[in-house]
Amino acid sequence: MAEDMLIIKDLKKYFPTEKKDLYVRAVDSINLTIKKGEVVGLVGESGSGKSTTAYMVMGSYAPTSGKIIFNGQDISIPAKKRPLTIKKNIQIVFQDPGTSLNPQRTVGQILGLPLRVHHIVPNKDMNDRIIKLLDMVGLSEDYMYKYPRTLGGGERQLVAIARALATDPSLLVLDEPTSALDVSVQAKIINTLMNLQKQLGMSYLFITHDMSLMRNIADRIAIMYLGKIVEIAAATDFFQRPLHPYTQMLLSSIPVVLKAEQELKPKRIRSQGEIPSPVNIPSGCRFHTRCPQAGEYCMKEEPSMVEVFNQHFVSCHLYKK
Amino acid sequence: MISIKTKKTNKKWAAKLDGLCRSWYKFSRNKLSVFGLIIVLTVIFIALFADKIAPFPEHAGAFVDLGNAGRPPGEGYLFGTDQYGRDILSRIFFSFRGAIIMGIGVLAVAVPVGVFLGLIAGYFQGSLIEPLIMRTVDIFLALPPLVLALAVSAVLRPTLFNSMMAVSFAWWAWYTRLSYGMASSIRNEFYIQSAELIGASRLHILLREILPNCLGPIFTKMTLDMGWVILIGASLSFVGMGEQPPKPALGTMVADGAKYIPHMWWLAVFPALAIMIIVLGFNLLGDGIRDMLSTEEV
């Protein structure tokens, strides 16, 4: 197996609230590794801490504690203090391409910035390189002089992807890159992303709440619930035998059309209630308030990660050895 | 190779031209702002070519023709003559020069300084420099600009240049506050975050990413302020702290003419009307530019 590129170790992020001893525990001690060339899906509801994790990997937030190690280098520091080589190697595609592209700059200028900052090509080859980047995401060179407002949502996201690719990164963080787009263009964006991943051998940390999307693209999937990872497994394993009751609940909520898919799907489990507040986290297992199989024990003790099958980890009392 | 290049530049220019046409369409929808533009262009034209189009260019300086002194508006002298027999119209034409120089000069100093300080304060929020700049701005904004300009002019020699400096000194803080407000909201946009994550320099982020998004309101304020600055400049020259006689200045002409009201009313009324028209022109133009630059779709 390829080497570990990104190692996230006991990562925590607590945001202070107005009350002194109360914290929003957005990310509460998670462990995750991403191998070279691997697509890892980080799935969870709103408020599960998946975006906070992405922002810590990017360096927009400094972690409260824990470590992020990228190619052997500790990068659990704010982006400002990171060396340029790290910035070059980790890039992000934001959720909403409407706000991630400067409305006053042309596509050419937007793509030129990373090239210039990292001295990717000499100035005279700048235009050719920009055209090549546009070509990589399937846009013609005419886009160079266009402003983002004249583009559609899908085209904007393609430009954002091209910008992220400009520095030739080895890890791309994708923060729900399709959720702000029309369904009609989502598939195109996903296809572009996956083709590029194969061509360039990048690793993806793919943040999403769309389980059905993950089935098709991810190598491994991690499920987050209230700041903790509750289940990690290879994608194939994951959909065949989901272990955690929360995962089963998520999977049963995917609408399916084909009969074959119907059989794969766990029995419908009605989701009960909303995700609790990360300020006031339930005692014991965080999921016990919504879990159909919760026992008394679940309220008392927090479960730890156990490897149930090969490389299939789950954090649930039901699978205690 | 050359043909490819021309094709590219053509596309670039076509996009620009398209943008210009759109802007003009938005601007011209409001007839009043077109009227404002016409006034402003006329005033600038007159200021540039005052010595060609004024009926008596020599009346702009120290000129005495007591035989024609105090003529009412009418034949030969459209706006009448002053107590020394100088043509009021010619003197108004020449005084436009000082007024326009005043407006442009003040904005040329106050806007770059004010905007840059505002961008710094807005972007580096939470650092020490923000309260340092913004509290200074508060002090400046607490004083009426005319009072501040008067105070500064009082210690300087009364010249056009010094009155420009005085008004600039009183004016920059408004631009700092304006750009501070915009920069502090723009800094949270994802495209700023993206530039930071790419590793762009702070100067790049301030001037290339944030500044272009602030230009709309800044231009609007500049056009509106041209009128105000000219008004303050006229006020300064009204109390004798601007351009010195015998050179014509609108404020001085009104001040001198006021002594002869009511029987020689034209001495004060026409320069006063000229001030009003300039200020009106710039205000209407400013409104039009604001409408043009607003992101609201047509």
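Not measured: the values here are computed from a predicted model.

Criteria and thresholds
- Residues numbered from 1 in each chain as written.
- Chains lettered and ligands numbered in written order.
- Predicted model: local features only at pLDDT ≥ 70, side-chain atom pairs only at ≥ 80, totals over all residues.
- Heavy atoms only, no water.
- Helix = DSSP H or I, 4+ residues; strand = E, 2+ residues; numbered from the N terminus.
- Rg over C-alpha atoms; globule rule 2.2 N^0.38 Å.
- Buried < 20%, exposed > 50% of the residue type's maximum accessible area, 1.4 Å probe, protein only.
- Contact = heavy atoms within 4.5 Å.
- Areas by Shrake-Rupley, 256 points an atom, 1.4 Å probe, with all protein chains shown as cover.
- Lys, Arg positive; Asp, Glu negative; His and termini not counted.
- Charge placed at Lys NZ, Arg CZ, Asp CG, Glu CD.
- Pairing = 2+ DSSP bridges.
- Buried area = accessible area lost by both parts, 1.4 Å probe.
- Salt bridge = Lys/Arg side-chain N within 4 Å of Asp/Glu carboxyl O.
- Polar contact = N/O pair within 3.5 Å; in protein donor to acceptor, adjacent residues only side chain to side chain.
- Nonpolar A, V, L, I, M, F, W, Y, C, P; charged D, E, K, R; others polar.
- Axes fitted to C-alpha atoms, helices over the stretch in contact; angles between N-to-C directions.
- Parallel < 35°, antiparallel > 145°, perpendicular 65-115°, else oblique.
- Core = buried A, V, L, I, M, F, W, Y, C linked by side-chain atoms within 4.5 Å.
- Patch = residues over 30% accessible without salt bridge, like charges linked within 9 Å, V, L, I, M, F, W, Y side chains within 5 Å.

A.B. asks: Quick question: what am I supposed to make of the overall build of chain A here?
C.D. replies: Check the secondary structure of chain A and you find 12 helices and 12 strands. Here chain A has a C-alpha radius of gyration of 21 Å; the compact-globule value for 321 residues is 20 Å, and the two agree. Split into buried and exposed, the 321 residues of chain A put 52% on the buried side. A separation threshold of at least 6 residues defines the contact pool for chain A, and within that pool the share at least 24 residues apart is 63%. Carbon and sulfur atoms provide 50% of the accessible area of chain A, an area that totals close to 14800 Å². Computed over 40 positive and 31 negative side-chain charges, the separation of the two mean positions in chain A equals 3 Å.

A.B. asks: Explain the overall build of chain B to me, please; I cannot follow it from the model alone.
C.D. replies: Assigned secondary structure in chain B consists of 11 helices and 0 strands. Each helix and strand of chain B, placed in order from N terminus to C terminus, yields the pattern α-α-α-α-α-α-α-α-α-α-α. In terms of overall dimensions, chain B has C-alpha extents of about 75 × 50 × 35 Å along its principal axes. The buried share of chain B, taken over its 298 residues, is 48%.

A.B. asks: Whenever I open this one, the pairing of strand β3 (residues 39-43) of chain A confuses me. Can you help?
C.D. replies: Looking down a regular strand, the side chains alternate between one sheet face and the other. Residues and elements named next belong to chain A. The element β3 is extensively covered by neighbouring structure, given that 5 of its 5 residues are classed as buried. Residues of β3 alternate between two faces, with V39, G41 and V43 on one and V40 and L42 on the opposite face, all of them buried. Bridge analysis of β3 against strand β8 (residues 203-208) gives 5 bridges, and the strand direction is parallel. Among the inter-strand pairings, L42 is bridged to a residue of β8, identified as I207. Of the pairings in the sheet, the one linking β3 to strand β9 (residues 220-225) comprises 4 bridges and is parallel in character.

A.B. asks: Any chance you could explain the interface of chain B and chain A here in plain terms?
C.D. replies: Contacts between the two partners involve 21 residues from chain B, matched on the other side by 27 residues from chain A. A buried area of about 2100 Å², summed over both sides, lies between chain B and chain A, and 60% of it is on carbon and sulfur atoms. Inspection of the chain B/chain A interface yields 1 salt bridge. Summed over the shared surface of chain B and chain A, the result is 6 residue pairs in polar contact (both at pLDDT 80 or more). Among the elements of the structure, α1 (2-28), α8 (190-198) and α9 (202-238) of chain B are those that each provide at least two residues to the side of chain B that touches chain A. It is α8(B) that contributes the most residues to the side of chain B that touches chain A, 8 residues altogether. A breakdown of the residues in the side of chain B that touches chain A according to their chemical character gives 8 nonpolar, 5 polar and 8 charged.

A.B. asks: Can you help me understand the packing of α9(B) against helix α11 (residues 266-293) of chain B in this one?
C.D. replies: A pair of packed helices can be characterised by two numbers: the angle between their axes and the separation between those axes. Residue and element names in this part refer to chain B. Between α9 and α11, whose axes approach to 8 Å, the crossing angle comes to 170°. With respect to their mutual orientation, α9 and α11 come out roughly antiparallel. Residues G216, F219, T220, T223, L224, M226, G227, I230, L231 and A234 of α9 pack against I275, I278, V279, F282, N283, L285, G286, D287, I289, R290 and L293 of α11. Across the contact of α9 with α11, the residue classes break down as 13 nonpolar, 6 polar and 2 charged.

A.B. asks: Teacher, can you tell me more about the nonpolar core here?
C.D. replies: General note: in soluble globular proteins, nonpolar side chains tend to be found buried as a group. Residues and elements named next belong to chain B. I92, F96, V167, W171, I210, L250 and I278 are the most contacted members of the largest nonpolar core, which has 80 residues in total. With 18 residues, the single largest contributor to this core is helix α4 (residues 88-123). The contact partners of I210, leaving out residues within four places of it in the chain, are L119, Y123, A183, I186, I192 and I205.

A.B. asks: Even after reading the chapter, I still don't get the pattern of salt bridges, so can you show me in this structure?
C.D. replies: In a structure, side chains of opposite charge can pair up when their charged atoms sit close to one another. For the structure shown, the criterion picks out 20 salt bridges over all chains. Among the salt bridges present, the one from A:E302 reaches A:R286, with a minimum N-O distance of 3.4 Å. On the criterion of sequence distance, the pair formed by A:E302 in the loop between α12 (296-300) and β11 (306-309) and A:R286 in the loop between α11 (259-264) and α12 is long-range, its members being 16 residues apart. Taking the relative accessible area as the measure of exposure, A:R286 reaches 6% and is therefore buried. In this structure, B:D287 engages B:R290 in a salt bridge whose closest nitrogen and oxygen atoms are separated by 3.7 Å. Residue B:D287 and its partner B:R290 are located together in helix α11, separated by 3 residues, close to a single helical turn. The network of salt bridges with shared partners includes A:R25, A:D28, A:K228, A:R286 and A:E302.

A.B. asks: For this particular structure, what's the right way to read the side chain of A:R129?
C.D. replies: All names here are of chain A. Secondary-structure assignment places R129 in helix α5 (residues 126-136). As a buried residue without a salt bridge, R129 has its nearest oppositely charged side chain in D168, at a separation of 6.1 Å. Other than its neighbours up to four places away in sequence, R129 contacts L115, V121 and A166.

A.B. asks: I keep staring at helix α10 (residues 245-252) of chain A and nothing clicks. Help me out?
C.D. replies: An α-helical turn contains 3.6 residues, so a residue and the one three or four places further along point in the same direction. α10(A) sits mainly inside the fold: 8 of its 8 residues count as buried. The secondary structure elements touched by the buried residues of α10(A) are α8 (211-217), β9, β10 (228-234) and α9 (235-240) of chain A.

A.B. asks: Hey, could you run me through the sheet that holds strand β4 (residues 65-70) of chain A in this one?
C.D. replies: Two orientations exist for strands paired in a sheet by backbone hydrogen bonds: parallel and antiparallel. Residues and elements named next belong to chain A. Pairing within the open sheet is antiparallel, and its 4 strands lie in the order β2-β1-β4-β5. Looking at the sheet topology across the chains shown, the edges are occupied by β2 (23-35) and β5 (73-74). Strand direction decides the pairing type here: β4 and β5, joined by 2 bridges, are antiparallel. The residue bridging I69 from the neighbouring strand is D74, located in β5.

A.B. asks: Just checking my understanding: could you explain a nonpolar patch on the surface for this structure?
C.D. replies: Residues and elements named next belong to chain B. Taken together, V109, V113, V155, L156, F161 and M165 make up a surface patch of nonpolar side chains, about 510 Å² in accessible area. Sorting the residues of the nonpolar patch by element identifies α4 and α7 (160-186) as the ones contributing at least two each. Among the structural elements, F161 can be located in helix α7.

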